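Secondary and tertiary structure notes
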Amino acid sequence: MKKFLIDQVLFLIVGIGIMICIPLLCGPIFTAVFEVVVAISWGYLCHRILLVPLDLLYGKAMRDGYFVTQFCTYACEFYKGVHYPEWEFLYENKSLVLLVPMAVAIEEIHKIECPPKNVKLRITYFRFSKILLSYEPA
């Protein structure tokens, strides 16, 4: 989790640096357009870290559900070769995709011990940033 947070904060700082430099390089109209484009794109790319303060304020969420699959790894920007898996859970016929804060190399991603598929699990996660905190048999 620590590497993920550091990576996201560094990436956010780069975005803020770009937004600070844009007025120095462009005129007023292009500055406004580029600032909006950078703010929206960096906000989307860093949405998990931007939502963590809300998670800390409102607390974690718990659901009972079943593990479905592991897919789509999130790659770090500053830690080369480090990836984070995302796990999909099913609860009340709804899908919940959570980022697993477990830094691994891409070659190791399929060797991760996933939760059992046919066992009901109690899942604890951050509700806004969708980061898995823990799971246990329900």
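Residues numbered from 1 in each chain as written. Predicted model: local features only at pLDDT ≥ 70, side-chain atom pairs only at ≥ 80, totals over all residues. Heavy atoms only, no water.

As for helix H3 (residues 47–58)
In this model, H3 (12 residues) spans 17 Å end to end at C-alpha, consistent with the 16 Å of a helix rising 1.5 Å per residue. All of the buried residues along H3 are Arg-48, Ile-49, Val-52 and Asp-55. Down the axis, H3 shows its buried residues gathered within 90° of arc, on one side only. With respect to the buried face of H3, the exposed residues turned more than 90 degrees away are Pro-53, Leu-57 and Tyr-58. Of the residues trailing H3, Gly-59 is marked for its positive phi of about 90°. (Helix = DSSP H or I, 4+ residues; strand = E, 2+ residues; numbered from the N terminus. Expected span 1.5 Å × (residues − 1). Buried < 20%, exposed > 50% of the residue type's maximum accessible area, 1.4 Å probe, protein only. Arc of directions from axis to C-beta.)

Considerations on a positive patch on the surface
Together, Arg-63, Lys-94, Arg-127 and Lys-130 make up a region of like positive charge exposed at the surface. Summarising the element assignment, Lys-94 is placed in strand S3 (residues 94–99). Judged by its relative accessible area of 45%, Lys-94 falls in the partly exposed class. (Patch = residues over 30% accessible without salt bridge, like charges linked within 9 Å, V, L, I, M, F, W, Y side chains within 5 Å. Areas by Shrake-Rupley, 256 points an atom, 1.4 Å probe, with all protein chains shown as cover. Salt bridge = Lys/Arg side-chain N within 4 Å of Asp/Glu carboxyl O. Lys, Arg positive; Asp, Glu negative; His and termini not counted. Charge placed at Lys NZ, Arg CZ, Asp CG, Glu CD.)

Quick look at the nonpolar core
Counting residues in hydrophobic clusters, the biggest one holds 15 residues, and the most contacted among them are Trp-87, Phe-89, Leu-96, Leu-98, Ile-123, Tyr-125 and Leu-132. Beyond its immediate chain neighbours, meaning those up to four positions away, Ile-123 contacts Ala-61, Met-62, Arg-63, Gly-65, Phe-89, Leu-98, Leu-132, Ser-134 and Tyr-135. Core analysis: the second largest hydrophobic core is formed by nine residues, Cys-76, Val-82, Tyr-84 and Phe-126 among them. (Core = buried A, V, L, I, M, F, W, Y, C linked by side-chain atoms within 4.5 Å. Contact = heavy atoms within 4.5 Å.)

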